[in-house]
Every structure is written in structure tokens, then in C-alpha cells.
Amino acid sequence: MKRRDFLSGMTVGAAALAGGGLVFPMRADAHTPASVKNDFAAAVGKDPRLTPFRGAASDLYTESLVIEGKLPRELRGRFYRNGPANFERGSERYQHWFDGDGMVQQFSFDGAKVSHRGRFVQTAKFKAEADANRFLVPALGTGIRPQIRITGPDAMNTANTNAIEHAGRVLAMWEGGSAYDMDPATLETKGTVTWKDGWAQVPFSAHPKLDPQGNLWNFGTPGNRLFAYHIDPQGKLARAQSAVLPFDAKVAGGMNHDMAVTERYMVVPIPPVTIHFDLMAKGKSGTDVMRTHKGEPLRIWIAPKDDIGAGKMFYLPHDMVFHVGNAYERRTPSGTEIVLNYVGTHDDNFLGGTAFDIMRGVATKPAATHLRTARFQMETGHAHVSTYDSTDEEFPRLDPRMIGHEAKFVVAPASWRPSQTSLFFHGLQVRNVENGTVTRYDYGLDTVVEEHIVVARPGSTRELDGWILGTTFDVKKQRTCVNVFRADRVADGPIARAWLPYWLPLGFHGNFTQA
């Protein structure tokens, strides 16, 4: 595919699946960016849970966080988080959480103390709108007519979904365009990354997988086209591929947010959602731009890493999928079986309700999300899916040494006790995916629990020999902290907590780089 054909097909290029999912603001026509700002301002003073959705006013830095407990001496490196952090310009406020500009958080651990640096990604969009002090480009959840020339996906790139350090640079990522390169020492933004001549602005999605050998695997999808990347441990492009997938882009292909890799295969979930980029370029949003197709199945594309177009499409019952845990392959009497863990929901309440409502100060209950396991027989085409239990959980992560291999444990924020006061998740859960049993730690209903990740102990090869790190927002203290657990003893609670003197906007995803 030629670059000009790609950009033409994308129209505005805004495969902007920003921040962990699509946008379905069903009531968007009832509100304007100005009224949303007024509604939120009236609500945030009454509901302290909403504080992180005020967003950050500037970059942040703290030399030494207050440590509660004792940090492991071997825990040395940089913990990154990314998420939308700027929601307002002038008299207007974004109408959907996922529209905000990205801010990368970096927590540096040296075995004795922790420092924090948070910097906005200096995207082209961010700089232009900061200078003008108003919204200038379209967003999925907020109807904005373009005020500047839209030359491709990166004109709308918010770089607000994930951050990973690889081969000496930090990549700040978003669904629909290029990764942004940032300096690990300062988080200075250096510019967009083009991996291959002719592939400028081709989507580099927000959920790359770093395998145990140091290879970075990723994909990008506009409609039914798939672009696949293999970046070697030195940060160089080893291989780039593209393919046209065998489905009608009118019924699916608009929200391919995450993927998994096995030793030989790439696994890409394709939910039944479409996005109409031409209407988005004209300032439309919500259901004018994004549509779910209730009668359509969840599609799973499984293809050899070395020939992305030679895969198979599998079909599961209708499901909305944002995040996967892991995938691996195993031999069975019927041949090769691919096993995939993912979080699914049959309800779009979060997309069309919670993530829209919260920007105007209404904290509604998110849709239920559950961990599932799907099994795919490569030779026969048979597929089967099962759900573990009714526990709500999201943002599944695993020991990084097990990516693409048969991992036993999945770590995720979770909720297991009914409450109308808890915002999102109140606990941390480690699930044994072999037998379904769980180990839990309850932070309490006055804590907002974000994604937690596993950090391996240097030199160890045993799964969950290391630590679990994750951020939480304390509603009563109005502060954010980083929690450190022994990975194999989560129920004991954090062995250390590093407290910031301020709160941070809630983020989406991140990763750890060993010093």
C-alpha cells in the first residue's frame, strides 16, 4: 500500500481510538464543550472522586517522594504511565475522557528513593492548541470543526494511551498515528517516529508487546487493513508488513486496540465497531462517527508473524474487547491450539455512558468487564470461549518474562464487592488462569485503583518472583501514590508506598524499564 493511498483512505487520518477504547457519547447533542465545563466545575467541588478529571495545568516534578514502608533495594529503574491530562482550553472542555492530551509520568526508583516527573507530550496538536488557547482539531467524543489544516492522522494525535522505554527512547503512543519519541532522562519530546520510508503517519498502536528477547511487536489498523511491525532489541525495524483482512470494513475494524503475540503468531481481536473518518473530519462525533453492530461477532485474526496476510479469522460471540492478557500456543491431538486471555463485556455502558458522563461531573457505574479465555484450533478452525466468574476486572497484565509463553497468572485491578461509591476499581487481583483461583488485596472504597504491572526480580526466572507496581488515587487525601507489592504475596498488601505531594490525572497504561 502506498502512503498517499493510506492517507486518502483515512481522510483525516484519525483512527483516533484514543485512551483505551472508542467513544460512544449517546447524549453528545445535548451538551456543548462550554456547558460541559460549567457542569463539571459545579460537580467537582461536591464529589472529591472527580478531582483527577480536572486535568493537569502544567508539567510536574518532585525530587523525592515520601516513602511509607521499605523499598526493595533491587527495585531499580523507571516506571512509566501515560493518560489524558489536559481537558480544557479557554471556555471549553472535552466531552469525553479519551479526548485529552497525553502526559507521560515517570517514576524513577534507585532502591532507596523515588522521584517523579510528568510532562505533556509536545504533539503538533498540543502545541498548536496551547498557542491558541482553544480547541482546533476534531476529537472522537467532542464535535470540533477543524480550525487548522488536517494533513493526516498526526494532526489529531494526542499520544495519550501508553508509554514504553525501548532501545534508549520512550515511545508515547496513541491508536491512530505515529509514536512520539521522548528522552528518558528529561522526557523532552523529540518528534514522531517513522519506522519505514513511505510509512509516515501509518498507525503504530498503543499496545506493543515486548517479548523476553527484547523484540517489540506492534500493529496498526485503519478499517480492514493491518500493518505489522517487528522492532529489534536495538530499536531498528526488523520487518514491516501490511495486509487486507477478510472482512467487510462496514461492520468491523474500527476499534482494534490491543494484540497479543505467541512464539510464532500475532493475535488481533477485531470488535464489531466501525468509525466514519470522513464525518469526523467535518467535526462530527459520537454516534455520527462510531457505530456498534450488535449482530456481528467478535473476530480474532491469528497470523504467522512472518506472513501477516496468511492468517485465519476466528469468530466468537458478540463481545467488546479492549485489552488482552496473554496468548500462547500448545500442541493438542488436533494440532496447534492458540490460547488467549482477554477482558470482554457485552455492554457498551462505559463507552456511551461513564466515560462521557464523568467529563461533566457525573460518576456513573461502568459496565461489567470479565476475564475470558478463548481457545483456537489452527487446523480445524474451531474456537471456544469461557468466562472465569462475575468479578469485574480490567487492564490485565502478566510477568513480562512470560509474554508469548504459557503464563499461569494474570494481574488486574478488580471490584468484587457491590458499591455505588467506588469509582472504577477498589482492589488488586492476581488470578491463576489454570484453575481460576484468585488472590486479592482490597484498597478500600475511597481509593481509585489504576493499572498495575509486574516487575521481574533481576536474575530470576520464576514467574511472579519480583514485584507488582501500580498507582492509586486516595480520595480522602487527594493524593496519588505508587504501591509496591511482593508479586507472590499480594494479599499481604503493599510493602512500600511512595506518596506524591499532589494528585495525578488518572492514566491508562505503562511499563517498567530496569536500570
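Every value quoted in this text rests on a predicted model; they were computed, and no experiment measured them.

Colleague: Explain the sheet that holds strand S11 (residues 189-192) here, please?
Modeller: Read from one edge of the open sheet, 4 strands run S8-S9-S10-S11, paired in antiparallel fashion. Sheet topology places strand S8 (162-166) and S11 at the edges, where each strand pairs with a single neighbour. The mean inter-strand angle of the sheet, taken between neighbouring strand axes irrespective of direction, is 25 degrees. For S8 and strand S9 (residues 169-173), the ladder comprises 5 bridges, and the chain directions are antiparallel. In the strand pairing of S9, glutamate 165 is matched with valine 170.

Colleague: Explain helix H2 (residues 33-44) to me, please; I cannot follow it from the model alone.
Modeller: Residues that lie three or four places apart on an α-helix share one face, since the helix turns once every 3.6 residues. If you check H2, its first and last C-alpha atoms are 16 Å apart, about what 12 residues at 1.5 Å a residue would give, namely 16 Å. Within the span of H2, buried status applies to Pro33, Val36, Phe40, Ala43 and Val44. The buried residues of H2 all sit within an arc of 90 degrees when viewed along its axis, so they share a single face. When the buried face of H2 is taken as reference, the exposed residues oriented beyond 90 degrees from it are Asn38 and Ala41.

Colleague: Would you mind going over the sheet that holds strand S31 (residues 466-474) with me for this structure?
Modeller: Hydrogen bonds between backbone groups are what pair the strands of a sheet, and the pairing can be parallel or antiparallel. A sheet is described by the order of its strands in space; here 5 strands give the open sequence S2-S33-S32-S31-S30, paired in antiparallel fashion. On the outer flanks of this sheet lie strand S2 (66-69) and strand S30 (447-456), each paired with one strand and no other. Here the strands of the sheet are splayed against their neighbours by 20 degrees on average, with no regard to which way each runs. Alignment of S31 against strand S32 (residues 479-486), held across 8 bridges, turns out to be antiparallel.

Colleague: Explanation requested: the side chain of asparagine 511 in the structure shown.
Modeller: Tracing the chain through its elements places asparagine 511 in the loop between strand S33 (496-499) and strand S34 (512-514). A polar contact is formed between the side chain of asparagine 511 and the side chain of asparagine 162, at a distance of 3.3 Å. What asparagine 511 contacts, discounting residues up to four positions off in sequence, is Arg78, Phe79, Tyr80, Asn162, Ala163, Ile164, Arg397 and Ile453.

Colleague: Help me out: how do you make sense of the pairing of strand S28 (residues 427-432) in this one?
Modeller: Of all 6 residues making up S28, 6 are buried, and the element is well covered by its neighbours. Pairing of strand S27 (residues 409-415) with S28, which is carried by 6 bridges, proceeds in the antiparallel orientation. Paired with proline 413 across the bridge in S28 is leucine 428. In terms of strand pairing, S28 meets strand S29 (residues 438-442) through 5 bridges, oriented antiparallel. Along S29, the bridge assignment pairs glycine 427 with aspartate 442.

Colleague: Quick question: what am I supposed to make of the environment of alanine 260 here?
Modeller: By the element assignment, alanine 260 lies in strand S16 (residues 260-261). Considering only alpha carbons, one finds alanine 260 and glycine 404, 144 residues apart in sequence, at a separation of 7.4 Å.

Colleague: How should the environment of glycine 335 be read in this particular structure?
Modeller: Looking at the element boundaries, glycine 335 is found in strand S23 (residues 335-345). Accessibility expressed as a relative area gives 7% for glycine 335, which makes it buried. Once residues within four sequence positions are removed from consideration, glycine 335 is found in contact with Arg330, Gln377 and Glu379.

Colleague: Which parts of the structure should I look at to understand the pattern of salt bridges?
Modeller: For side chains of opposite charge, pairing can occur when their charged atoms come near one another. Under the counting rule described, the total for this entry stands at 29 salt bridges. Across the pair glutamate 337 and arginine 330 runs a salt bridge, and its minimum N-O distance is 2.6 Å. The partner of aspartate 442 in a salt bridge is arginine 417, and the shortest N-O contact between them spans 2.9 Å. With aspartate 442 in strand S29 and arginine 417 in the loop between S27 and S28, the pair connects residues that are 25 residues apart, well separated along the chain. Judged by relative accessible area, which is 29%, aspartate 442 ranks as partly exposed. Linked by salt bridges that have partners in common, Glu74, Arg457, Arg462 and Asp465 make up one network.

Colleague: Can you walk me through the packing of aromatic side chains in this structure?
Modeller: The description of two aromatic rings rests on the distance between their centres and on the angle between their planes. In the structure shown here, the tally under the stated rule is 18 aromatic pairs. Taking 5.6 Å as the distance between ring centres and 5 degrees as the angle between the ring planes, the aromatic pair formed by tryptophan 97 and phenylalanine 424 counts as stacked. One end of the pair, tryptophan 97, is in the loop between strand S5 (92-93) and strand S6 (101-110); the other, phenylalanine 424, is in the loop between S27 and S28, and 327 residues separate them in sequence. Both residues of the pair, tryptophan 97 and phenylalanine 424, count as buried. Cluster of aromatic residues (ring-pair linked, three or more members): Phe53, Trp97, Phe98, Phe424 and Phe508. Directly above the aromatic system of tryptophan 217 lies the positively charged group of lysine 305, at a separation of 4.2 Å from the ring centroid.

Criteria and thresholds
- Residues numbered from 1 in each chain as written.
- Predicted model: local features only at pLDDT ≥ 70, side-chain atom pairs only at ≥ 80, totals over all residues.
- Heavy atoms only, no water.
- Pairing = 2+ DSSP bridges.
- Helix = DSSP H or I, 4+ residues; strand = E, 2+ residues; numbered from the N terminus.
- Axes fitted to C-alpha atoms, helices over the stretch in contact; angles between N-to-C directions.
- Expected span 1.5 Å × (residues − 1).
- Buried < 20%, exposed > 50% of the residue type's maximum accessible area, 1.4 Å probe, protein only.
- Arc of directions from axis to C-beta.
- Polar contact = N/O pair within 3.5 Å; in protein donor to acceptor, adjacent residues only side chain to side chain.
- Contact = heavy atoms within 4.5 Å.
- Salt bridge = Lys/Arg side-chain N within 4 Å of Asp/Glu carboxyl O.
- Phe/Tyr/Trp six-rings, centres within 6.5 Å; stacked < 30°, edge-to-face > 60°.
- Lys NZ or Arg CZ within 6 Å of the ring centre and 35° of its normal.

The values reported here are purely geometric and, on their own, carry no functional implication.
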